[in-house]
Amino acid sequence: MSFENRLAAVKLSGNILQEVFNHIVIRNGDGISQATFTMTPQGAEDIKIHKKELNEDQTYWLFTFDFLAEGGDGYLMFSRADTIVLSDDTIRDLIIRYIKKENAAGNMIVPDTVARITVSSYQWAVISEQLSVSSYQLSVISEQLSVISYQLSVKEFRVKEI
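Keep in mind that what you see is a predicted model, and the values were worked out from it rather than measured.

> Honestly, the packing of aromatic side chains in this entry has me stumped. Any pointers?
Each pair of aromatic rings is reported with the distance of its centres and the angle of its planes. Using the criterion set out here, one finds two aromatic pairs in the structure. Ring geometry for F21 versus F37: centroids 5.1 Å apart, planes at 70°, classification edge-to-face. One end of the pair, F21, is in helix α1 (residues 14-26); the other, F37, is in strand β2 (residues 35-40), with 16 residues separating them in the sequence. Relative to F78, the ring of Y75 has its centre 5.8 Å away and its plane inclined at 20°; by these criteria the two rings are stacked. When sorted by exposure, Y75 lands in the same class as F78, which is buried.

> Would you take a moment to explain the pattern of salt bridges for this structure?
Once their charged atoms are close, side chains differing in charge can pair, the charge on each being opposite to the other. The full count for this structure, using the stated rule, is ten salt bridges. Across the pair R92 and D93 runs a salt bridge, and its minimum N-O distance is 3.6 Å. By relative accessible area, D93 is classed as partly exposed at 31%. Taken together, the shared-partner salt bridges connect E4, R92 and D93 into one network.

> So what exactly am I meant to see when it comes to α1 here?
Since there are 3.6 residues in each turn of an α-helix, residues three or four apart along the chain are aligned in direction. Spanning 13 residues, α1 covers 18 Å between terminal C-alpha atoms, matching the ideal 18 Å at 1.5 Å per step. Among all positions in α1, only G14, I16, L17, Q18, V20, F21, H23, I24 and V25 are buried.

> Help me understand the nonpolar core, please; the structure alone is not making it clear to me.
Taken as a class, soluble globular proteins show a tendency for nonpolar side chains to be buried jointly. Ranked by internal contacts, the top residues of the largest apolar core, which has 25 residues, are L12, L17, V20, F21, F37, I49 and F78. The set of elements that each furnish at least two residues to this core consists of β1 (6-13), α1, β2, β3 (43-49), β5 (59-65) and α2 (66-69). If we ignore the near neighbours within four places in the chain, the residues touching F78 are V10, L12, V20, L62, L68, A69 and I84.

> I would appreciate a short explanation of the sheet that holds β3 in the present structure.
Pairing between the strands of a sheet comes from backbone hydrogen bonds, and it takes one of two forms, parallel or antiparallel. Read from one edge of the open sheet, four strands run β4-β3-β2-β7, paired in mixed fashion. Because the sheet does not close on itself, it has two edges, and the strands there are β4 (52-53) and β7 (117-119). Pairing analysis gives five bridges linking β2 to β3, with the strands arranged antiparallel. If you follow T40 over to β3, its bridge partner there is G43.

> Explain the pairing of β2 here, please?
A regular strand carries its side chains on alternate faces of the sheet. Counting buried positions along β2 yields five of six residues, so the element is predominantly enclosed. Between the antiparallel neighbours β2 and β3 lie two residues.

> Is there a simple way to explain unusual backbone geometry in this structure?
Across residues other than glycine, the phi torsion is negative in most instances, and most of the peptide bonds are trans. Non-glycine residue H50 carries a positive phi angle of around 50°. Here H50 is to be found in the loop between β3 and β4. Given the relative accessible area of 51%, H50 is considered exposed. In this structure, D73 takes a positive phi of about 55° despite not being glycine.

> Hey, could you run me through the sheet that holds β5 in this one?
With antiparallel pairing, three strands are arranged side by side in an open sheet as β5-β1-β6. Both edges of this open sheet fall to β5 and β6 (83-90), since each of them pairs with a single strand only. Across the sheet, the mean angle separating the axes of adjacent strands is 20° when strand polarity is ignored. As judged from the five bridges shared by β1 and β6, these two strands associate in the antiparallel manner. Bridge pairing in β6 places R6 opposite T90. Running over the sheet, helix α3 (residues 91-104) touches β1, β5 and β6 and is turned about 65° from β6.

Basis of the calculations
Residues numbered from 1 in each chain as written. Predicted model: local features only at pLDDT ≥ 70, side-chain atom pairs only at ≥ 80, totals over all residues. Heavy atoms only, no water. Phe/Tyr/Trp six-rings, centres within 6.5 Å; stacked < 30°, edge-to-face > 60°. Helix = DSSP H or I, 4+ residues; strand = E, 2+ residues; numbered from the N terminus. Buried < 20%, exposed > 50% of the residue type's maximum accessible area, 1.4 Å probe, protein only. Salt bridge = Lys/Arg side-chain N within 4 Å of Asp/Glu carboxyl O. Expected span 1.5 Å × (residues − 1). Core = buried A, V, L, I, M, F, W, Y, C linked by side-chain atoms within 4.5 Å. Contact = heavy atoms within 4.5 Å. Pairing = 2+ DSSP bridges. Axes fitted to C-alpha atoms, helices over the stretch in contact; angles between N-to-C directions.

What follows is the structure, given as structure tokens:
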């Protein structure tokens, strides 16, 4: 793993958890497990935690990277959490320990392939449009770099000519 992140356990209300899912929509997706939801123009809808509807009045424990729990990538809503507990171990070390334990017990680690995020057709169109705009911007930048490269080669040629 490229960062030395630690595991963070975050205790927060369902209301704040709704904000977390809405932020995931703004970011056009992010990593989640044990939850599902649909991305719509209005935000996250049909949120289920362990196959149960999100209850905004209930308290939940969410496990994430310390970077995100401390507000990284715009997850500022975590600052209003009831409790944040940080592990002493890095996530990498926790994963290695888990794999070794399961391997020693002769257990096969089977990846979870459940679809977690559903994108509404409208939201998909928005994401596609954003990708098209980004692609266009990259082509404009590429064209500008080509012009600059040409200008530099012309200047270099003139310098060599003198």
